[in-house]
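Coordinate analysis (summary)
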Amino acid sequence: MQPTPSLDAGLSAELRERLEALDLWQNVRELRDNGYTIIQDPVAHALTDRVRTAVQRLAAVSEGRNAGRRAGLLLGRDAVFPEAVTVPKLLALVEYLLGRGALLSQLIGTVRRAPIEGLALHADNSWFPAPFPSWEIMCTACWVTDDFTRENGATLIIPGTHKHKHHPPREVRESLDGAIAIEAPPGSIALWDGSVWHGSYPRQTDGERVVLHMTYTRIGMQPIDDYSHLDDAWLADKDPQLRGLLGRDLFFHSTTERNGSTDFDLLMNTYRLVHGPQGY
Ligand SMILES: O=C(O)CCC(=O)C(=O)O
Ligand SMILES: [Fe+2]
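A brief structural summary. Predicted, not measured: the structure shown is a model, and the values here were computed from it.

Moving on: unusual backbone geometry. Look at the link from alanine 114 to proline 115: it is a cis peptide, with omega at -5°. Among the secondary structure elements, proline 115 is positioned in the loop between β4 (103-113) and β5 (138-144). Unusually for a residue other than glycine, aspartate 23 sits at a positive phi of about 60°. The residue aspartate 23 is located in the loop between α1 (13-21) and α2 (25-34) in this model. In the Ramachandran plot, lysine 165 falls in the positive-phi region, its phi being about 65° despite a non-glycine side chain.

Rendered as structure tokens:
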């Protein structure tokens, strides 16, 4: 058995200070021990009504097993989304899980109404074959815009299963042994790593369950959404952290037949993003 790592093992001084200032050590402990946590950030609470309305407005009927309404590729589709993906407590915990320079991977909205079946148990590392590495590849944050309770179709999760480092086996997918509901009021952001096993309960109550799902991935991985249509003019009046979240100044794909190599300035910028301004 590996000893339980200390909470701040391997974290940069800058991140430790940010986690301290934002009062996030309990959330860090929960991520380490359970694979998920619930974030209460005043910035998120202030945006929640706009997040809910925007997802409801944009969500269209989708076909298939998990029928319900969905909206995708959301970042440029309402002014609230660029604000939503940079909530300070969320970004600090994303850095705790994924390291410096993490990328936005996917932004979708879902609207679920009874009767609707729950989501099957899975780990979000869906695009990565097991075994999962000891570090997290990606993480998912779900913005709760109405009460998350079991009857309302909350996310279900099996705490601690991120330590198995593989996809959930069939027996557990069927038994849901150890599953609990993530109970949380509107304005909460439930954050889990890519390894923990989760799904959702069927919704049994009236009204709409509206969730914004925000996925981030470690630098060097392939994001799911392609936001290349959001240009520098779109970015100009946004939080500068968005450039980083969109991987705008990375050296990937910079080799051409002409230059025969990667772009040196972008390469150095990528190094700084990964290793911090002082290098390593
Ligand atoms: O909708 C839910 O409760 C869970 C969705 C989910 O599995 C995810 O966003 O990764
Ligand atoms: Fe998931």
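Back to the text.
Further remarks concern the packing of α1 against helix α5 (residues 88-98). Between two packed helices, both the angle of their axes relative to each other and the distance between the axes serve to describe the pair. At their nearest, the axes of α1 and α5 sit 10 Å apart, and the two run at 140° to each other. Here α1 lies oblique to α5, going by the angle between them. In this structure, the crossing between α1 and α5 has a hand that is left-handed. For the pair α1 and α5, the contacting residues are Leu15, Arg18 and Leu19 in the first and Ala92, Glu95 and Tyr96 in the second. Here the contact of α1 with α5 is composed, by residue class, of four nonpolar, no polar and two charged.

The element β5 is extensively covered by neighbouring structure, given that seven of its seven residues are classed as buried. Every second residue of β5 is oriented toward a common face, with Met138, Thr140, Cys142 and Val144 on one face and Cys139, Ala141 and Trp143 on the other, all of them buried. Where β5 meets strand β10 (residues 208-217), seven bridges bridge the pair, whose relative direction is antiparallel. Looking at the pairing, alanine 141 lines up with methionine 214 of β10. Relative to strand β8 (residues 189-193), β5 runs antiparallel, the two being bridged by five bridges.

Quick notes on the rules
Residues numbered from 1 in each chain as written. Chains lettered and ligands numbered in written order. Predicted model: local features only at pLDDT ≥ 70, side-chain atom pairs only at ≥ 80, totals over all residues. Helix = DSSP H or I, 4+ residues; strand = E, 2+ residues; numbered from the N terminus. Axes fitted to C-alpha atoms, helices over the stretch in contact; angles between N-to-C directions. Parallel < 35°, antiparallel > 145°, perpendicular 65-115°, else oblique. Left-handed = near helix turned anticlockwise from the far one by under 90°. Contact = placed C-beta atoms within 7 Å. Nonpolar A, V, L, I, M, F, W, Y, C, P; charged D, E, K, R; others polar. Buried ≥ 20, exposed ≤ 12 C-beta atoms within 10 Å, placed from the backbone. Pairing = 2+ DSSP bridges.

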